Amino acid sequence: NIAGVFYFILDILSTASMIPDTNLLNELMTGEGGDGGEAAGTLKAGKTSRAGAKAGRVVKIVRLIRFVRIFKILKMRKQNMDDNEESDVGKTLEDKLQDEPSKVGKKLTELTVRRVIVIVLAMIMVFPFLDDPESFIGETEFNSYEVKKLNDLHIMTDSFNATGNITQTFFKQQVQYFASSTDIKEIVYMKLNNWDVGITNMWVKEVTSRHLMLDDVGEISDLFRSSDARIPESSITSVCDVEPANGDCGSFAYYNLKSQNQAASMMSLLKTVVIVIGLSISVIGFSRDAETLVIEPIERMIKLVKALAENPLASLYREKNGGDEGFETTLLETTLEKISSLLQVGFGVAGAQIIQSNMSSGGDLDVMIPGKKITAVFGFGIMEEFTNTCSCLEEEMCTYINTIAKIIHDNSVLYHGAPNKNIGSAFLLVWKICEGVLPGLRDLRDASSPELSDGQKADLRMNMGCLSVGGGEKERVLRPYEMVDSSMIGVLKMRIDLMAANGAGGTLEKFKKSQKIVDYYEGNFEVEMGFGLHIGWAIEGAIGSNYKIDASYLSPNVNMAARLEAATHQFGTPLLLSGPFCNELSPAAKALCRKIDVVTVKGSQIPLELWTCDLTNYDTEAAGMILPQFSGSNENREQLALDFERVKQVQKDFDQEFKATFEEGVEFYVKGEWDKAKTLIDKCLSIYPKDGPSDSLNRVMERADFTAPKDWKGFRELTSK
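Residues numbered from 1 in each chain as written. Predicted model: local features only at pLDDT ≥ 70, side-chain atom pairs only at ≥ 80, totals over all residues. Heavy atoms only, no water.

Chemist: Lay out the overall build of the protein with the relevant residues and their values.
Modeler: Helix and strand content of the protein: 27 helices and 16 strands. Burial statistics for the protein: of 721 residues in total, 41% are counted as buried. In the protein, 71% of the contacts between residues at least 6 apart in sequence involve partners at least 24 apart. Here the protein has roughly 39300 Å² of accessible surface; of this, 56% comes from carbon and sulfur atoms. (Helix = DSSP H or I, 4+ residues; strand = E, 2+ residues; numbered from the N terminus. Buried < 20%, exposed > 50% of the residue type's maximum accessible area, 1.4 Å probe, protein only. Contact = heavy atoms within 4.5 Å. Areas by Shrake-Rupley, 256 points an atom, 1.4 Å probe, with all protein chains shown as cover.)

Below, the structure written as structure tokens:
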């Protein structure tokens, strides 16, 4: 506790300040003695007295501050006792908050008090020397020794040889003793009553060269400025024993005060500089405290709001300063960060426009803003056996769903996507490609929309791309096909992680071992999910009212992704891909897929190809190979494009002869040559008897006795979801 240390040191100084009051030290400070006689002793005693007065002032202030500290402690104790005795009954929360002083206010007061104490002590210790600098630059006034000794010499001149006790030799010794004394200033001119100036000057020069000792008093005005003795800037001052009637002294001396007056002027200037520096440091210190405790947190909060207005999905992480814990400004800042993060989590990518619009405007809250058209890949996933598992797990159902949601959401973000909706057992995932409609993308509801070649689409999309960080820290521009590839690989990674979570030591193992689950499924329960992927336009925006909104996507293309997932049961595969989706894949990614049927669905005027991507390798090696790679350091890490030489390891054990045979069989099926198609599909079933798409195609042809209808156009109607 820094404040505690400060006041502890102050208490030590306060206690130490009582030491000068001891008799021994007091005698040492004011004791008499020395070689200068009674007058010199008086002079030294005067200096000691002044030094003691300075020290006494410091001592009194330190004790006063210590007394204030003790008084403050006693007052705080009394206040705490009164607070404990008072009852909070009848007080509202607002009253209690008003009664309680803020921690920021307490801290600012504490810092201000400490700085004021230090400044006051520093000024009290320094200013006495600046106000009375005689202790180290010499006296600027005449001391009693100079006046008394000169008066003694004058008396000696009157009594010279009058009694016979004062001889010329004795008088000469007294003059030389006076001139050689270190307690007097430089003598410029000295005239003793009834004595020739030349003789006294000769005597002085015999013992010391410190004095100027002019022979003519008129020379003073040529060498020095004439001024009054009581004016600080005067250079020459005279001392007389008595004020004569003719305006002159019988004995007098001029002293050179030039160096003392210059030093005194410098000390005055230094005092001004010290005051300016002290005030500047005080202002900086006080301003710094307010800036650290109040202004900087407010600026960070404003910066946070601006960052959300510019990029609603930006990372809000910042390093925390542990020393600010508990302050109201820190609490407010942390709360704002949490609320902003909750906005990001609650609204997601679809609500970014809502956040941006309201954060950047100064008006009232407006969540019912118009939607906008975007193009994206929509993924729809549903947990199997949801109703039964919900009945079995009961209170644990939320934890069960959230465990699965972590797998789904983590992988969607890792592969440049974003979770949108969680509706019980269903998850809606979005890989946003661009605003507006992607050039060259056919609309299943518009038969007149042209089908462009890969080259034509590449020309239209030459400069298109979207920024994404994925699992990295640095944004990278992804071309449309990269986003489509990432969505499919992300779903494959979800399936691999779900398989691992079902295994021993997996995150779903504890739910599988639930007694009700074991009893209901007789120990044969596995968490499984079906997925559907489709690409198309949608309207991104807020749905609801001012009471409750959901930021989501409205489009037949979203419904198509849900239809595809529902159809996974019919085709016996956990993943169905639409033809438009596969047409947007890169060649390397499309090579992992196989077409399994051509159908029409309600509301579609264009036949829809159905594809799937087989996942045959679920081991840890495959999970590692499918993970994205990064470049750069951890702080500037950039996610690289997918390497399909690594990704294709997920089909390491997949029989390529089976795939070629199946694709050939599907082509005969589309052409209406079902007899040839049957032969090839039967061969596929002999290789993989549990292959769902082969079995589905075989059942469709079997219902028509393996003969294509006369009106066969290469597709059939998908009668069930």
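Chemist: I'd like a rundown of the packing of helix α26 (residues 674-687) against helix α27 (residues 692-703), residues and numbers included.
Modeler: The N-to-C vectors of α26 and α27 enclose an angle of 145°; their axes lie 10 Å apart at closest approach. As α26 packs across α27, the resulting crossing turns out to be left-handed. Residues W674, A677, K678, I681, D682, C684 and L685 of α26 touch α27, and the partners they reach there are S694, D695, L697, N698, V700 and M701. (Axes fitted to C-alpha atoms, helices over the stretch in contact; angles between N-to-C directions. Left-handed = near helix turned anticlockwise from the far one by under 90°.)

Chemist: Outline the pairing of strand β10 (residues 549-554), listing residues and values.
Modeler: As judged from the six bridges shared by strand β9 (residues 529-544) and β10, these two strands associate in the antiparallel manner. Residue pairing across strands places I543 opposite D550, the latter belonging to β10. Linking β9 back to β10 in an antiparallel pair, the connection comprises four residues. (Pairing = 2+ DSSP bridges.)

Chemist: Outline α26, supporting the account with residue identities and numerical values.
Modeler: Relative to the 20 Å expected for 14 residues at 1.5 Å per residue, α26 spans 20 Å between its end C-alpha atoms, a close match to the ideal helical length. Residues W674, A677, L680, I681, C684 and L685 constitute the buried set of α26. Axial view of α26: buried residues confined to an arc of 145°, hence all on one face. For α26, the exposed residues set more than 90 degrees away from the buried face come down to D675, T679 and S686. On its buried face, α26 sits against α25 (656-671) and α27. (Expected span 1.5 Å × (residues − 1). Arc of directions from axis to C-beta.)

Chemist: A description of the environment of I369 should follow, citing residues and the corresponding values.
Modeler: When you line up the elements, I369 lands in the loop between α13 (352-360) and β4 (372-383). Distance from I369 to G541, taken between C-alpha atoms, is 7.5 Å for residues 172 residues apart in sequence.

Chemist: Lay out helix α9 (residues 197-207) with the relevant residues and their values.
Modeler: Every buried residue of α9 is listed here: V197, T200, N201, W203 and V204. Relative to the axis of α9, the buried residues are bounded by an arc of 160° and lie together on one face. With a side-chain oxygen positioned 2.8 Å from the backbone nitrogen of G198, the residue opening α9 is D196. (Polar contact = N/O pair within 3.5 Å; in protein donor to acceptor, adjacent residues only side chain to side chain.)

Chemist: Break down the nonpolar core for me, citing the residues and quoting the values.
Modeler: Ranked by size, the top nonpolar core spans 59 residues in total, and within it Y400, I404, M488, L533, L577 and F581 carry the most contacts. By residue number, the principal contributor to this core is helix α17 (residues 480-502), which donates 10 residues. In this structure F581 touches V377, V484, S487, M488, L533, H534 and I535, once residues within four positions along its chain are discounted. Counting residues in each nonpolar core, the second largest holds 31 residues, with I606, F662, F706 and W712 among its members. (Core = buried A, V, L, I, M, F, W, Y, C linked by side-chain atoms within 4.5 Å.)

Chemist: Describe the packing of aromatic side chains, with residues and values.
Modeler: The description of two aromatic rings rests on the distance between their centres and on the angle between their planes. Within the structure shown, the criterion is met by 14 aromatic pairs. Judged by centre distance (5.1 Å) and plane angle (20°), the ring pair of F171 and W195 falls under stacked. Within this pair, whereas F171 is found in helix α8 (residues 168-180), its partner W195 is found in the loop between β1 (186-191) and α9, the two being separated by 24 residues in sequence. Under the relative-accessibility criterion, F171 is labelled buried at 0%. Taken together, a centroid distance of 4.8 Å and an interplanar angle of 80° make the contact between F658 and Y688 edge-to-face. Here F658 is found in helix α25, whereas its partner Y688 is found in the loop between α26 and α27, with 30 residues between them in sequence. Using a relative accessible area of 0% as the deciding quantity, one classes F658 as buried. Residue Y688 is classed as partly exposed on the basis of its relative accessible area, which comes to 28%. (Phe/Tyr/Trp six-rings, centres within 6.5 Å; stacked < 30°, edge-to-face > 60°.)

Chemist: Quick rundown of the pattern of salt bridges? Include the residues and the values.
Modeler: Evaluation of the coordinates by the stated rule reveals 26 salt bridges. In this structure, the salt-bridge partner of E540 is K372, at a minimum N-O distance of 4.0 Å. You can see E540 sitting in strand β9 and its partner K372 sitting in strand β4, a full 168 residues away along the chain. Between E451 and R442 there is a salt bridge, with its nearest N and O atoms 3.3 Å apart. Classification of E451 by relative accessible area gives exposed; the value is 61%. (Salt bridge = Lys/Arg side-chain N within 4 Å of Asp/Glu carboxyl O.)

Chemist: Residue-level account of the confidence of the model for the protein, with values.
Modeler: For the protein, mean pLDDT is 78; residues scoring 70 or higher make up 74% of the total. When pLDDT is averaged over each element of the protein, strand β11 (residues 575-578) comes out on top at 96 and strand β2 (residues 236-240) at the bottom at 50. Scored below 50 in pLDDT, residues 32-37 shows six contacts in the model against residues more than four places distant or in partner chains. (pLDDT = per-residue confidence, 0-100.)

Chemist: Which residues make up the side chain of S425, and what values do they have?
Modeler: Mapped onto the secondary structure, S425 falls in the loop between β5 (418-423) and β6 (426-435). The class for S425 is buried, based on a relative accessible area of 15%. Beyond its immediate sequence surroundings of up to four residues, S425 is in contact with G381, I382, M383 and F386.

Chemist: Provide a residue-level description of the pairing of β9, including the pertinent values.
Modeler: A large share of β9 lies buried, amounting to 12 of its 16 residues. As defined by bridge partners, β4 adjoins β9 across 12 bridges and the pair is classed as antiparallel. When the sheet's bridge partners are listed, T375 is paired in β9 with W537. Bridge count between β9 and β11: three bridges; the pairing is parallel. Its bridge partner being in β11, L533 is matched across the sheet by L577.

Chemist: How would you summarise the state of the cysteines if you had to cite specific residues and measurements?
Modeler: By definition, a disulfide links two cysteine residues through a covalent bond between their sulfur atoms. Per the stated rule, a full pass over the model turns up zero disulfides. No disulfide involves C398; its sulfur sits 8.4 Å from the nearest other cysteine sulfur, which is in C390. (Disulfide = S-S within 2.5 Å.)

Chemist: Any chance you could break down a nonpolar patch on the surface for me, citing the residues and the numbers?
Modeler: A cluster of nonpolar residues, M266, L269, L270, V273, I277 and I281, forms a patch on the protein surface that exposes about 560 Å² of accessible area. Within the secondary structure, M266 sits in helix α11 (residues 258-310). (Patch = residues over 30% accessible without salt bridge, like charges linked within 9 Å, V, L, I, M, F, W, Y side chains within 5 Å.)

Chemist: I'd like to hear about the side chain of N698, residue by residue, with values.
Modeler: Mapped onto the secondary structure, N698 falls in helix α27. If we ignore the near neighbours within four places in the chain, the residues touching N698 are I681, D682, L685 and F706.

Chemist: Which residues make up a negative patch on the surface, and what values do they have?
Modeler: There is a patch of like negative charges on the surface, built from D196, D215, D216, E219 and D222. Tracing the chain through its elements places D222 in helix α10 (residues 219-223). On the basis of relative accessibility, which here comes to 64%, the residue D222 falls in the exposed class. (Lys, Arg positive; Asp, Glu negative; His and termini not counted. Charge placed at Lys NZ, Arg CZ, Asp CG, Glu CD.)

Chemist: Kindly report on the environment of K676, identifying the contributing residues and their values.
Modeler: Mapped onto the fold, K676 is located in helix α26. Considering only alpha carbons, one finds K676 and V666, 10 residues apart in sequence, at a separation of 9.8 Å.

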